[in-house]
Amino acid sequence: MVGCVQPQEHTADAVNPEDSLSMMTSYGVNTLISDSGVIKYRIVTERWDVNTVRQPSRWEFMKGIFFEQFDEQFHVQAYIQADSAWYFDQQRLWKLRGRVSVRNIDGLVYTSEELYWDGIHHEFYSNVFSRVVTPERTLEGTYFRSDEQMTRYTVSNSEGSFLASDFDDPEPADTTTNQPQ
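Here we summarise the structure given alongside this text. As the structure is a prediction and not an experimental result, all values here were calculated from the model.

## Brief notes about the overall build of the chain
Alright, step 1. A count of helical and extended segments in the chain gives zero helices and twelve strands.
Alright, step 2. Along the chain direction, N to C, the helices and strands of the chain fall in the order β-β-β-β-β-β-β-β-β-β-β-β.
Alright, step 3. Scored against the burial criterion, the 181 residues of the chain give a buried share of 34%.
Alright, step 4. Taking the intrachain contacts of the chain between residues at least 6 apart in sequence as the baseline, contacts between residues at least 24 apart amount to 33%.

Structural data, given as structure tokens:
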């Protein structure tokens, strides 16, 4: 006996957008970024992937990234370096990972394993161990928040060295008149 058999179509599962490849990959990048015609940053990276298919869309810098931040006269104001980075363009958010280092013109050096740079609120923040070294003091803590210039910052759950003038106690702290009865 001969039977009728319907041919079976073999199809693969659909490709997820999360599995998509980059729309653009550039190697050996050294580029300037401007805002309203004024050059603000220089980015140097070995590899730059742009993926607009994934949600949220992003730029990926898996081989490391180096930033220079400039003022209006094109003087360097800060350096930022990380082992890897992601830029989420819709949120204007940078995520820097690995050996993250920031150095500004005032001598501040920030180091951590992770740092976020919020372009909408113009601030840096981190929820992992961070170290801030200035010419006057060294601070370490597990929560960090700062403005983009790294001039006003907060380190919480911290340890470090402080000057006596950092505290608003007008009376000397080590006298017998301040001792409890």
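Here the narrative resumes.
## Considerations on the side chain of E114
Alright, step 1. In this fold, E114 is placed in strand 8 (residues 109-118).
Alright, step 2. Its relative accessible area of 14% is what places E114 among the buried residues.
Alright, step 3. A polar atom in the side chain of E114 sits 3.3 Å from the side chain of R97.
Alright, step 4. With sequence-adjacent residues up to four places away left out, E114 is seen in contact with K95, L96, R97, G98, V100, S126 and V128.

## A few points about the pairing of strand 2 (residues 38-51)
Alright, step 1. With eleven bridges connecting them, strand 1 (residues 24-35) and strand 2 associate as antiparallel partners. For Y27, the partnering residue across the bridge sits in strand 2 and is R47.
Alright, step 2. In sequence, strand 1 turns back onto strand 2 through a hairpin of two residues, with S36 there showing a positive phi of about 55°.
Alright, step 3. Pairing analysis gives four bridges linking strand 2 to strand 4 (residues 65-70), with the strands arranged antiparallel.

## Quick word on the environment of S57
Alright, step 1. When you line up the elements, S57 lands in the loop between strand 2 and strand 3 (58-61).
Alright, step 2. In this structure, the C-alpha to C-alpha distance between S57 and D89, residues 32 residues apart in sequence, is 6.6 Å.
Alright, step 3. Contacts of S57, omitting those with residues within four sequence positions, involve N51, T52, Y87, F88, D89 and Q90.
Alright, step 4. Within the structure, S57 has its side chain in polar contact with the side chain of D89 (distance 2.5 Å).

## Quick look at the packing of aromatic side chains
Alright, step 1. As enumerated under the stated definition, the model contains 16 aromatic pairs in all.
Alright, step 2. Joined through ring pairs, the aromatic side chains of Y41, W48, W59, F61, F67, Y87, W94, W117 and F124 make up one cluster.
Alright, step 3. For the cation-ring pair, K95 lies above W86, with the distance from its terminal atom to the ring centre recorded as 5.5 Å.

## Focus on the layout of surface pockets
Alright, step 1. Roughly 630 Å³ of internal volume is contained in the largest pocket.
Alright, step 2. K40, Y41, Q69, W117 and E148 are, among the 25 residues lining the largest pocket, the residues nearest its centre.
Alright, step 3. Among the residues forming the lining of the largest pocket, the class breakdown is ten nonpolar, eight polar and seven charged.

## Looking at the nonpolar core
Alright, step 1. Of all hydrophobic cores here, the largest spans 26 residues; its most connected members are I65, F67, W94, L96, Y110, L115 and F144.
Alright, step 2. Listing elements by their share of this core, those giving two or more residues are strand 2, strand 4, strand 5 (76-82), strand 6 (84-88), strand 7 (93-104), strand 8 and strand 11 (138-147).
Alright, step 3. Each residue touching L96, except ones within four places of it in the same chain, is listed here: I65, F67, I80, A82, S84, A85, E113, E114 and L115.

## Re the environment of S34
Alright, step 1. When you line up the elements, S34 lands in strand 1.
Alright, step 2. Taking the C-alpha atoms as reference, S34 lies 10.0 Å from F70; in sequence the two are 36 residues apart.
Alright, step 3. Dropping the residues within four chain positions of it, S34 is found in contact with I39 and K40.

## A look at the pattern of salt bridges
Alright, step 1. Taken as a whole and judged by the stated rule, the model has six salt bridges.
Alright, step 2. With a closest N to O distance of 2.6 Å, R42 and E68 form a salt bridge. Highlighted residues: R42 in strand 2 and E68 in strand 4, separated in sequence by 26 residues.

What counts and what doesn't
- Residues numbered from 1 in each chain as written.
- Predicted model: local features only at pLDDT ≥ 70, side-chain atom pairs only at ≥ 80, totals over all residues.
- Heavy atoms only, no water.
- Helix = DSSP H or I, 4+ residues; strand = E, 2+ residues; numbered from the N terminus.
- Buried < 20%, exposed > 50% of the residue type's maximum accessible area, 1.4 Å probe, protein only.
- Contact = heavy atoms within 4.5 Å.
- Polar contact = N/O pair within 3.5 Å; in protein donor to acceptor, adjacent residues only side chain to side chain.
- Pairing = 2+ DSSP bridges.
- Phe/Tyr/Trp six-rings, centres within 6.5 Å; stacked < 30°, edge-to-face > 60°.
- Lys NZ or Arg CZ within 6 Å of the ring centre and 35° of its normal.
- 1 Å grid on protein atoms, 1.4 Å probe; cavity = no way out; pocket = protein on both sides within 12 Å on 5 of 7 lines; lining within 4 Å.
- Points joined across faces, edges and corners; volume = space filled by probe spheres on them.
- Nonpolar A, V, L, I, M, F, W, Y, C, P; charged D, E, K, R; others polar.
- Core = buried A, V, L, I, M, F, W, Y, C linked by side-chain atoms within 4.5 Å.
- Salt bridge = Lys/Arg side-chain N within 4 Å of Asp/Glu carboxyl O.

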